[in-house]
Amino acid sequence: MRMSWSLYPGNRWVVRETGRNLNLVVEPHERAEAIRDQWIANSVPKTMKADVILVDELTHKLIADAKALGIRRGEIDEEVDSPYRTILDAIEHPA
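Each residue is numbered by its place in its chain's sequence as written, counting from 1. Local features are withheld for residues below a pLDDT of 70 in this predicted model, meaning they are given only at 70 or higher, and side-chain atom pairs are given and counted only at 80 or more; totals for whole chains, interfaces and linings count all residues. Hydrogens are left out, water is left out, and the side-chain values use all remaining heavy atoms of the structure.

Engineer: Whenever I open this one, the side chain of Thr59 confuses me. Can you help?
Structural biologist: When you line up the elements, Thr59 lands in helix H2 (residues 52–68). Here a polar contact is recorded for every N or O atom pair within 3.5 Å, except that within protein the pair must consist of a potential hydrogen donor and a potential acceptor, and residues adjacent in sequence are included only if both atoms are side-chain atoms. One polar contact links the side chain of Thr59 to the main-chain carbonyl oxygen of Val55, over a distance of 2.8 Å. Contact definition: two residues touch when any of their heavy atoms are within 4.5 Å. Non-local contacts of Thr59, meaning those with residues more than four positions away in its chain, are made with Pro83, Tyr84 and Ile87. The numbering of helices and of strands both runs from the N terminus, where a helix is a DSSP run of H or I of at least 4 residues and a strand a run of E of at least 2.

Engineer: What is the right way to look at the pattern of salt bridges in this model?
Structural biologist: A pair can form between side chains of opposite charge whenever their charged atoms are brought close. Only one rule defines a salt bridge in this text: a Lys or Arg side-chain nitrogen within 4 Å of an Asp or Glu carboxyl oxygen. Applying the stated rule across the entire model yields four salt bridges. The partner of Lys61 in a salt bridge is Asp65, with the nearest N and O atoms 3.1 Å apart. With a gap of four residues between them, Lys61 and Asp65 both fall in helix H2, about one helical turn apart. Summary of the burial criterion: residues with accessible area below 20% of their type's maximum are buried, those above 50% are exposed, and those between are partly exposed, where the area comes from a 1.4 Å probe applied to protein chains only. Under the relative-accessibility criterion, Lys61 is labelled partly exposed at 43%. Among the salt bridges present, the one from Glu75 reaches Arg72, with a minimum N-O distance of 3.6 Å. A residue is classified by how much of its surface remains accessible, and Glu75, at 11% relative accessible area, is buried.

Here it is as structure tokens:
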């Protein structure tokens, strides 16, 4: 799924997923958390096994996708200690 972000009055962001009727309104300080959670749900298969190289590739993809949406690496780092560890945890403990 592809996500797009739109800035609305009041400095509120709306996330839209193509192919689904999902509009998620988030405050500016919640953007990194929202993209992380939604991105992991869409990009990390629940049956995936932990693989160091694949987790590293997913980490770089997460950061690149966030950057394309205008979310700085610093915003992500404020929400999680390590994007790599967060993705690894999602693989080891699928929701």
